[in-house]
Every structure is written in C-alpha cells, then in structure tokens.
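Architecture and fold: a report
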Amino acid sequence: MFLTQMEIEELTGLKQPARQIRWLLANGYCPDVRADGRPAVLEDQVRNRQLRTIRAKRATEPNLSVLDK
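For clarity, every value in this text was computed on a predicted model and none was experimentally measured. (Residues numbered from 1 in each chain as written. Predicted model: local features only at pLDDT ≥ 70, side-chain atom pairs only at ≥ 80, totals over all residues. Heavy atoms only, no water.)

Points about the overall build of the protein chain
Where we set the bar: Labels follow the DSSP assignment, with helices taken as runs of H or I lasting at least four residues and strands as runs of E lasting at least two, numbered in each case from the N terminus. Values of the radius of gyration come from C-alpha atoms, whereas the globule rule sets the reference at 2.2 Å times the count of residues to the power 0.38. A 1.4 Å probe rolled over the protein chains alone gives each residue an accessible area, and that area as a share of the maximum for its type sets the label: buried under 20%, exposed over 50%, partly exposed in between. Note on contacts: a residue pair is in contact if any heavy atoms of the two residues lie within 4.5 Å. For accessible areas, the Shrake-Rupley method is used with a probe of radius 1.4 Å. Any residue's cover is judged against the shown protein chains and nothing else. For this count, His and the chain ends are skipped, Lys and Arg are scored as positive, and Asp and Glu as negative. Charged groups are reduced to one reference atom each: NZ for lysine, CZ for arginine, CG for aspartic acid, CD for glutamic acid.
Within the protein chain, the secondary structure is distributed over 3 helices and 2 strands. At 17 Å, the protein chain has a C-alpha radius of gyration far larger than the 11 Å of a compact globule built from 69 residues. Judged by the C-alpha coordinates and their principal axes, the protein chain covers about 60 × 20 × 15 Å. Taken across its 69 residues, the protein chain has 19% of its residues classed as buried. Intrachain contacts of the protein chain at a sequence separation of at least 6 include 29% that bridge at least 24 residues. Of the roughly 5500 Å² that the protein chain leaves accessible, carbon and sulfur atoms contribute 55%. Here the protein chain contributes 12 positively and 9 negatively charged side chains, and the mean placements of these two sets differ by 5 Å.

Focus: the side chain of Thr12
Note the following rule: Here a polar contact is taken to be a pair of N or O atoms separated by no more than 3.5 Å, where protein atoms must pair a possible hydrogen donor with a possible acceptor and residues adjacent in sequence count only if both atoms sit in side chains.
Assignment of secondary structure puts Thr12 in helix 1 (residues 5-12). A distance of 3.1 Å separates the side chain of Thr12 from the backbone nitrogen of Leu14, its partner in a polar contact. Ignoring anything within four residues of it in the chain, the contact list for Thr12 reads Gln20, Trp23 and Leu24.

Some points on helix 2 (residues 17-26)
Put simply, the rule is: Each direction from the helix axis to a C-beta atom contributes to the arc, which is the arc of those directions.
Where helix 2 is concerned, the buried positions are Gln20, Ile21 and Leu24. The buried residues of helix 2 all sit within an arc of 100° when viewed along its axis, so they share a single face. Exposed residues on helix 2 whose side chains face more than 90 degrees from its buried face are Arg22 and Ala26. On its buried face, helix 2 sits against helix 1, strand 1 (32-33) and strand 2 (39-40). Gly28, located one to two residues past helix 2, shows a positive phi value of around 85°.

With respect to the nonpolar core
Considering soluble globular proteins, one finds that nonpolar side chains tend to be buried as a cluster. Put simply, the rule is: Working definition of a nonpolar core: buried Ala, Val, Leu, Ile, Met, Phe, Trp, Tyr and Cys residues. They are joined through side-chain atoms within 4.5 Å.
Counting 6 residues, the largest nonpolar core is built from Leu3, Ile8, Leu24, Tyr29, Val41 and Val46. The residues touching Val46, leaving out its near neighbours within four places in the chain, are Leu3, Leu11, Tyr29 and Val41.

Remember that the coordinates give geometry; whether it matters functionally is a separate question.
In structure tokens, the structure reads:
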C-alpha cells in the first residue's frame, strides 16, 4: 500500500509535489512519480526506515544494566 497524499504532506511538511519529491530523495526515500507528477511512497519504505533508525539508536545507546550489579 502507498501513503496517502495527506500522509506524504505530513511526512515532508510540504504541499508541492516537486518539493515533496526532492525532500523524499534527500532523506533516503525512493518515491515513484505518478502520471500526475505526485510522489508515491510505499508504506513499507517508511516502516523499514523507522525500524532501521530504532535499531541504530539501540546499537549506540550504552548498556546501563551493567551498572545495576
């Protein structure tokens, strides 16, 4: 499934399709461009990117559980 146009506006903070596409590309997304010039972004792309961010944060956070001993 694809993000709705409202979700793309919320993600990018932009309303103009050309600016949305530039923002998406600059931020690591690979949008398809529809025949009407609007970007199309798969929900899975957003979800996978969020998971990578969460995993990267966990990998860089210190393990404070060793201090409880």
